[in-house]
Structure formats: C-alpha cells, structure tokens
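In case you want the letters, here they are:
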There are 2 protein chains.
Amino acid sequence: MTEPHQLDAATIATRVAAGTLSVADVAESLIARVDARDADVRAWAWFDRDLLRDRASLLDEVPIKGPLHGVPIAVKDVIATYDMPTAHNTPRYRNSRTGVDAACVDTLRAAGALIAGKTVTTEFAATLRGGSTRNPHALTHTPGGSSSGSAAAVADWQATLGLGTQTGGSTIRPASFCGIYGWKPTWSSISREGLKMSSTTLDTLGLYARSARDLMLLADVFAIDALEMPAPASLAGLKVGICRTPHWGKALPATVHAMSQAVALLRQVGAEVTELDLPGIFDTIGESHRIVARTEGRAAFLNEYRNTYDLHDDFKATVENRSGITPGDARAAYRHADHCRGLYDDIASAFDIVLTPSATGEAPEGHDITGDASFNSMWTLLQVPVVNVPGLVGPGGLPVGLSLVGRRYEDRKALAIAELVGAMFNQRDAAAA
Amino acid sequence: MTEPHQLDAATIATRVAAGTLSVADVAESLIARVDARDADVRAWAWFDRDLLRDRASLLDEVPIKGPLHGVPIAVKDVIATYDMPTAHNTPRYRNSRTGVDAACVDTLRAAGALIAGKTVTTEFAATLRGGSTRNPHALTHTPGGSSSGSAAAVADWQATLGLGTQTGGSTIRPASFCGIYGWKPTWSSISREGLKMSSTTLDTLGLYARSARDLMLLADVFAIDALEMPAPASLAGLKVGICRTPHWGKALPATVHAMSQAVALLRQVGAEVTELDLPGIFDTIGESHRIVARTEGRAAFLNEYRNTYDLHDDFKATVENRSGITPGDARAAYRHADHCRGLYDDIASAFDIVLTPSATGEAPEGHDITGDASFNSMWTLLQVPVVNVPGLVGPGGLPVGLSLVGRRYEDRKALAIAELVGAMFNQRDAAAA
C-alpha cells in the first residue's frame, strides 16, 4: 500500500482534514523514509526527529489551520526558521538560530505545514561548489545546486514539498536533474524576506513538488494572482514559443533530444509551435546577469567578509571586486536588463507560453560542481516565472526537465500548462513502456 | 567645553584611537543627553543603559577595530540587532529578538561602532501614521517618518550617526524636517538584509549624520565605489540641474523659497545652474511607485496578515489588494519604471548633480501624519543616490533641506558636492547672522 510519505500534498491535507490520516503518522512515515535513505542521499543539513514528532502532535491537537495541514516541507538551509538552525553551509553560522521565521515559512506554518527540517545548500547558496547531497537517481551524480537538498529530498520522497532559492539557476536546474516540478515565481510575488541575500535583483524563492497540482496548492497559499483568462483545457491550439536562447551551443545531446521530443509531442497534440528567435540584444544578457550578480554580491557579502576569517575565496573575490567591474559597467548592465525586460514582455505576449531548456543535459557525474546555469540565469534576470516540467529521460537514463516560461504574473497560467505538458510526457512514457 | 555626544563621528573615532577619549566616556555623555531629552523627544524604542555601558567597556578593552571605534549609532527598530529587540512598532514583534544582526549592523560592529539602541519607526516602516517621536526643533511638530527616531536622535545629539530606511521618502524627509544630513545610497549598494521588507524594488537603507564628512566615513565603511573622477574642489563651474519634479505644485512657500535661495547662492559662487525639465513620461512616475509598492507590499505583508489578528487595516488593505491592482497594471508599472531609469540616466549625465526638494516644506504641526513623500518617491523608484543637505530655514523657523541627486553609483560625488553646498548654506547663515 501507499505510505503517507509517498502521497502528494493535496492528498495528505485532504486526509488529515477528513480525520482519516494523522499528522503523527505522516511524520513517522517520513522519518522511516529518511532513516532508510539519508546515508545515501544526504539531503539534510538538520533533521530533528523529536522536534518533528512534537510539531506533528501539535498539529494533530489544533483545528485544521489551512490547506497544507500536516504536509511535510523541506526548507533550504539559507531560509530562516525560528526553531531550527540556519547554517548556510558555512562555518560562521554553524548552529546559528534566528529568532523569527522567514516570511515564506511563516506563511506556510499559518497554512498548517509541517516544517520537516533544513536541507543542504551550497555555501550561502552562492557558489557552484557542490554540497554533500547526491542525486537520488544516481548517487555518483550531482543533484544540482544550490538547492541541492530540497530537490533531492522531494525527488526521493523524503519530503512532500520543498523550498529552494534561485539567483542563477539554483531552483530550476536541480528540479531538472532530480526529475521533479520546480517553480521560480515572478520576482517579488512571494516574499524573500528571511532568505540569505546574494543579489536583490535576482534572488527568488523557489518551490518544489512532485506534481503541478501541488505547486498550484502553493500558489493558493501564497496568494498568487488569479488567472487573467481561463486556464487552457488542452494543449490543442496553444501558442508555444520554442526559445533555444543564445546559449543553445551549450546544449548536450540529452537536452537537444528532449527539446525535439517536446516539439514533436506538442505538434502531435495540436499545439501551434513556432521558433522564438530573440533579437541580438539578448546575446549578452548572460554577461549582464554576471555583472549585476557580482555588483550586488559585493554589497551582500561585505559583512561576512569583514567578520569572518575563513570565508571562502569565492566570496572574497566578489567583495574585493577582483573582476574589476566599474560603476559604468554596472550602470550599463542594469540598463541592459531593464531594456530586455520590456522587450521580452512584448515578444512573449505573442505566445501562451515559452518552452526552453532547464539545463545543458542530464545531471553530470561527480559532486564537486552542481552544473551549468546558462539556461536559467537569463530568466532570473528577466524576473519572469519559470516552471520545470519533468518526464523526459536522457541517454544516461537520468531525468531531463524542460522549462515553461510565462510573462510576469502569469505564474498560474504557466503552472496550468505545466500540468498538461507533464501529463503529455508521462503518456509518452506509458506508450514507450 | 564640548561634550563627547556633541562631537562628530570622525572626531570621536580619532580621539578614541589616540587614547585621548574612552568609549565609556562617550557612552556616559550620550546617556546623560538621553536622560535629559528623552521625555521630550521620545526618539527611542529601546535604550538599555546597562547594555550600552557593557558594550562600551568591551570596546575599550579590545584593539581598535576600525574607523568607527566607539561611535554611537542609533538603529531604526525595523533593522535586526542580535542583542536588542526588533519590534517594528507593531504588537506581534514586541520584545521579539533575532539571533543575528542585519548585514549593515554586522558591518558597523566590525568597524567598532557602538550600537546605541533602537529608534522609533512607524509600523513596519510602511505607513505615514506617526510614531511617538517629536521634532527636536519644535516638539509639537513631526520629525517626519518612517525613520522618525533615528533622524530626531541624530539631530538632538542623542546619537552621532543613525540608520533609517526608505521605501518612499522615509530617510530624506525626516532629514529635511530635523535639519541633518541624510543619505539614500544607490539601490543595493549597501545590503538591506535584516531590514523589514516592504518593497524589494524600493527598500533602501538610509544613513544620518550631522556632517557630510561623517557620511563619507560611512561610505568608506560600506566600501562604496570610489569616485570615477576627482571630487570637485569648489562649486564654481559645477553643472547643476534644477529639478522641480512633476510634484512642484505641492511645494509650500518654505520649499519654493529654499529652492530659489539655493539657485541664487549657487549662481553667486559661479555654478552653471540650469532648469531640468523632465519629459512628460515622468508625470506618472508617482503612480508607478504606488503600484510597485502596493504590489510588492501585498507579498511582503502576507505572512503578517495570515498570522496576526490585530494587524493595522492599512496592511490588510494592501494584502487584500483593495485598490484592485491587476497583473497588467503591475507589468505596466514595472515597464514604466524600467524605462524611466534608463531615460533619467541619460538626462542626468548632462549634469554634475541635480538639485530637487526634500519635502513640501517645513515639518508640519502634529504627530499623526509624518508628512508628504511626493518629492522623494520618484528618486526611490529610480534607485539613484540622494543626499539631503540641511542649512536653510523656513518662515516658521524650522529646517528646510534640499536633495542632491546623482546617477547610480555616484554616491561619493553627491556626498562631496553636499559638503560644499552645506558649507555654502552655512556661510549664508553666518552672513545673515
């Protein structure tokens, strides 16, 4: 039979509300799963079984708080939690505790969520250097980063939902590598207060689930804008733009094949698929992302630099501005980004949704590097919503996700289309099976 | 003789470093000043004499940490401090403590600063409703807001430096009303981590001092970009743009007179003063500011809304989107702001500096409302550096400040010019006296 840790959030919340499932049973099922898998996957930076049991029993005692009552959520360890340490995978904050929750955790608790624990992040979620977490689909491969632990935990049924962050590609890339749904909302449509700050322009809360439906549930909890028009009932007639981006040259066979598979499947079901060729001004958007990230990172990590002797050299290089970014460079990068946002909004308004790669390919072997964010950073700088849709598989047998990109505040439309596209991918798997 | 609490930061730090002044003596002098004035001015939300004495004696025991060793700094009570409550002037956070400092406080402590206490803010720094603080120049008048306490404390010699925040006009307006220097840095050039979040696009740390020189000292501590060209040695030949803004109609006689005084004085000293008429597209920038602030505020205060029963209706109205802002409205406001930033950068590049009002006039009588932010919010949305220069006086005998506005990352140039303009205003006072 299906164990509680295998259920999706909507099912857990429904059964708990109906009294047919206790939060204590959800917690025990989750603890058993973590006990069985943690030595291999290593997703958790902090997992306190006694605290989890205590929180679960409290949730069983109180009236139903909201649509996530009893749903276990993994929280990336750069996101503040009042009752667990927030250590940022860096020596200075080992066992450091904030007296208050991050705004997103505060909102999730108000909806009845069971905060399961803190998950492994790369240092300050701001380096490509891998943490200890392994890809549940292939332990010798990276789960991606920087939201390594949350993506792996959700993919491995060690949490029902997960919170990550994205400044480059830290939410979408791990979702692709781990074969789950990942959602980077419209910038600032969910509060990022209480998340470690790296770049004000780029930092975004990221959300993980094993179904699009569960991401929609999170959209409800976070009061995301309603659909401007009714959600499409099917993919037939849907206008889909295929954006290979200026970084297409970096796409490996797995991603090239996944994109062609998706295009073929979309055409089969009657979607209007057309190529979206971005104007030349977008060619240098990756460079503007780098300049904005470094410029804001200089300010963001100054206090760590001034107060920490063992800070990693990556951060010292940023604060010392070793790459020699000038105020003129920064002004130009902000202008370029501002200009491209308006331009992209015009371009995107011709489509219902845009399809683009989530990563260069399957999760690379090894744990030192978490992969290449080239296909993600552009969308982060444009501040538009992105949903990773799993379901396709690469030549190595590992998941290959694809990104659906909407216009600002079109998050619910992107999630609705993601559900249809995900179902299409799964039917293909069924057919192939 | 001059008491330590009357000295500027540079002098205190120099004497402490030379061993001619102890931090303990600085603390005692400050405590005596607060004891004498707090019942009238009411600047402090938290002022712990024992803690202050303890921190001061610690600073006397350790080697000189940096350029602010022993300098008392007032911290707005929406900015996190690990050793004092951060209460946001709202019931939910009364006596609430964060385990970590805000990034800016962390950096100031590394420079040896003596964190003096927490100062009165309007609720969450996000309403125009006044706090308990009174204007030290006229107790029946507002000190401005939302950084009411920090501005009043610095103006009243109850702190040497102060930290505030600005989302609309919360740093510059109180500086104008209280007759001190106020600096809103280029957006994201100083970390805003650990400040209560209201609007990601707008929230900016603000800094207060009684001299431009002390603000330059803070620019050093926060590693603000070096000047791109040597600082002007005099105002002669300086290209000054006079920007009356689309809100000029709201200027009261005090501000109208102050602007003409400044123009006349600048011409006398040989500055090239020309009117800067913004193109029509800037006419609606106040409306775009409102839409961006409300849209981001909706997300920022959702967790408070979900967890607090006695939240003020102002915040409920924002979270419930009672003004009915649509996703289309938000997209249009972001595009408008993005477009105006680039346009303004072109316009501003024709001047060394832009002069504009800091407020509609003198500090209004009463404490219910903290004044009108119309002359500030545009610059906050444009994310450019602004320095309030004190020295002029209105018909009511109260201070009237004027703002100097630079391009992004021209903070040091704006501060250097502010020192010259401030000296010019003071010579005029001397002449008039």
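Computed from a prediction, not measured in an experiment: that's the story for all the values here.

> I tried to follow the overall build of chain A on my own but got confused; where do I start?
Across its full length, chain A carries 14 helices and 11 strands. A compact globule built from 433 residues would reach a C-alpha radius of gyration of about 22 Å, and chain A, at 20 Å, matches this within 12%. When its C-alpha atoms are laid out on the principal axes, chain A stretches across 60 × 55 × 40 Å. Looking at the 433 residues of chain A, the share that counts as buried comes to 65%. Partitioning the contacts of chain A with sequence separation of at least 6, the portion at a separation of at least 24 is 79%. When the accessible surface of chain A is totalled, it reaches about 14,300 Å², and 53% of it is carbon and sulfur. Charge-centre separation for chain A: the mean point of 40 positive side chains lies 4 Å from the mean point of 48 negative side chains.

> Just to check I follow, could you spell out the environment of A:Val78 for this structure?
All names here are of chain A. If you trace the backbone, Val78 turns up in the loop between strand E2 (72-76) and helix H4 (103-110). The sequence separation of Val78 and Ile12 amounts to 66 residues, and the corresponding C-alpha distance is 27 Å. In this structure, Val78 is in contact with Thr86, His88, Thr121, Phe124, Ala125, Thr165, Gly194, Leu195 and Lys196, ignoring residues within four places of it in sequence.

> Even after reading the chapter, I still don't get the side chain of A:His141, so can you show me in this structure?
Secondary-structure assignment places A:His141 in the loop between strand E3 (114-119) and helix H5 (148-155). Those residues in contact with A:His141 that lie beyond four places of it in its chain are A:Arg134, A:Asn135, A:Ala363, A:Pro364, A:Glu365, A:Gly366, A:His367 and A:Leu398.

> I would appreciate a short explanation of the relation of the copies chain B and chain A in the present structure.
Mapping between the two chain copies consists of a rotation about an axis together with a translation along that axis. With an RMSD of 0.0 Å, chain B superimposes on chain A once it is rotated by 180° and translated 0.0 Å along the axis. The superposition of one copy onto the other is thereby described by a two-fold rotation axis. Taken as a fraction of all interface residues of chain B, those also at the interface in chain A reach 100%, which identifies the copy contact as same-surface.

> Would you take a moment to explain helix H7 (residues 212-221) of chain B for this structure?
Note that an α-helix has 3.6 residues per turn; residues three or four places apart therefore point the same way. Residues and elements named next belong to chain B. When you tally the buried positions in H7, you get seven out of 10 residues, the bulk of the element. Taken residue by residue, H7 has Ala212, Asp214, Leu215, Leu217, Leu218, Ala219 and Val221 as its buried positions. Remark: Ala223 follows H7 within two positions and exhibits a positive phi of approximately 50°.

> Explain the domain arrangement of chain A here, please?
One frequently used descriptor of interface size is the decrease in accessible area upon assembly of the parts. Residues and elements named next belong to chain A. Domain annotation of chain A identifies domain 1 (4-221) and domain 2 (239-389 + 401-432). Each of domain 1 and domain 2 has a C-alpha centre, and these two points are 22 Å apart. Together, the buried faces of domain 1 and domain 2 total about 4,300 Å²; carbon and sulfur atoms form 55% of this surface. Here Glu304 and Lys196 are joined by a salt bridge, their closest N and O atoms 2.8 Å apart. Counting only elements with at least two residues in the side of domain 1 that touches domain 2, the list comes to helix H6 (172-178), strand E5 (181-184) and helix H7 (212-221).

> Looking at this model, I keep getting lost on the packing of aromatic side chains. Mind explaining?
Describing an aromatic ring pair means giving the distance of the ring centres and the angle of the ring planes. Residue and element names in this part refer to chain B. Taken as a whole and assessed by the stated rule, the structure comprises 14 aromatic pairs over all chains. Aromatic pair Phe124 and Phe301: ring centres 5.5 Å apart, planes at 50°, arrangement tilted. Taken as a pair, Phe124 in the loop between strand E3 (114-119) and helix H5 (148-155) and Phe301 in the loop between helix H9 (285-300) and helix H10 (302-307) lie far apart in primary sequence, 177 residues in all. Assigned by exposure class, Phe124 and Phe301 land together as buried.

> Help me out: how do you make sense of the state of the cysteines in this one?
Two cysteines whose sulfur atoms are joined by a covalent bond form what is called a disulfide. Following the criterion strictly, the structure yields zero disulfides over all chains and no others. Not part of a disulfide, A:Cys178 finds its nearest cysteine sulfur in A:Cys104, a span of 20 Å.

> What is the right way to look at the interface of chain B and chain A in this model?
Chain B puts 53 residues into the contact, and the matching count from chain A is 53 residues. Taken together, both faces of the contact between chain B and chain A bury some 4,500 Å²; the carbon and sulfur share is 50%. Of all residues in chain B, B:Glu193, B:Arg331 and B:Arg335 give up the largest surface area on contact with chain A, accounting jointly for 15% of the area buried on that side. At the boundary of chain B with chain A, the tally comes to 14 salt bridges. Note that B:Asp106 is salt-bridged to A:Arg92, the shortest N-O span being 2.8 Å. There are 30 residue pairs in polar contact (both at pLDDT 80 or more) connecting chain B and chain A.

> So what exactly am I meant to see when it comes to the pattern of salt bridges here?
Taken as a whole and judged by the stated rule, the model has 59 salt bridges over all chains. Measuring nitrogen to oxygen at the nearest pair gives 2.9 Å for the salt bridge that ties A:Asp313 to A:Arg322. Note that B:Asp372 is salt-bridged to B:Lys250, the shortest N-O span being 4.0 Å. With B:Asp372 in the loop between strand E9 (353-357) and helix H13 (374-382) and B:Lys250 in the loop between strand E7 (239-242) and helix H8 (253-268), this pair connects stretches of sequence that are 122 residues apart. Look at the salt bridges and you will find they share partners, linking A:Asp54, A:Arg55, A:Asp83, A:Asp101 and A:Arg109 into a network.

> Would you mind showing me how to read the sheet that holds strand E4 (residues 161-166) of chain B here?
Strand pairing within a sheet occurs via backbone hydrogen bonds; the two strands may be parallel or antiparallel. All names here are of chain B. Reading across from one edge, E1-E3-E2-E4-E6-E5-E10-E11-E9-E7-E8 is the order of the 11 strands in this open sheet, with mixed pairing throughout. Of all the strands in the sheet, the pair left with one neighbour each is strand E1 (44-46) and strand E8 (272-275). Strand-to-strand twist across the sheet, computed as the mean angle between neighbouring axes with direction ignored, equals 30°. Together, strand E2 (72-76), E3, E4 and strand E6 (204-209) form the strand contacts of helix H4 (residues 103-110), whose direction differs from that of E4 by roughly 160°.

> Honestly, the sheet that holds strand E6 (residues 204-209) of chain A in this entry has me stumped. Any pointers?
Residues and elements named next belong to chain A. Strand order in this open sheet of 11 strands is E1-E3-E2-E4-E6-E5-E10-E11-E9-E7-E8, and the pairing throughout is mixed. Each of the sheet's edge strands pairs with one partner strand only, and the pair in question is strand E1 (44-46) and strand E8 (272-275). Taken over all neighbouring pairs, the strand axes of this sheet differ in orientation by 30° on average, direction set aside. As paired strands, E5 and E6 are joined by three bridges and run antiparallel to one another. Looking across to E6, one finds that Gly182 is bridged to Tyr208.

About the criteria used
Residues numbered from 1 in each chain as written. Chains lettered and ligands numbered in written order. Predicted model: local features only at pLDDT ≥ 70, side-chain atom pairs only at ≥ 80, totals over all residues. Heavy atoms only, no water. Helix = DSSP H or I, 4+ residues; strand = E, 2+ residues; numbered from the N terminus. Rg over C-alpha atoms; globule rule 2.2 N^0.38 Å. Buried < 20%, exposed > 50% of the residue type's maximum accessible area, 1.4 Å probe, protein only. Contact = heavy atoms within 4.5 Å. Areas by Shrake-Rupley, 256 points an atom, 1.4 Å probe, with all protein chains shown as cover. Lys, Arg positive; Asp, Glu negative; His and termini not counted. Charge placed at Lys NZ, Arg CZ, Asp CG, Glu CD. Least-squares fit on C-alpha atoms with pLDDT ≥ 70 in both. Domains from an automatic or database assignment. Buried area = accessible area lost by both parts, 1.4 Å probe. Salt bridge = Lys/Arg side-chain N within 4 Å of Asp/Glu carboxyl O. Phe/Tyr/Trp six-rings, centres within 6.5 Å; stacked < 30°, edge-to-face > 60°. Disulfide = S-S within 2.5 Å. Polar contact = N/O pair within 3.5 Å; in protein donor to acceptor, adjacent residues only side chain to side chain. Pairing = 2+ DSSP bridges. Axes fitted to C-alpha atoms, helices over the stretch in contact; angles between N-to-C directions.

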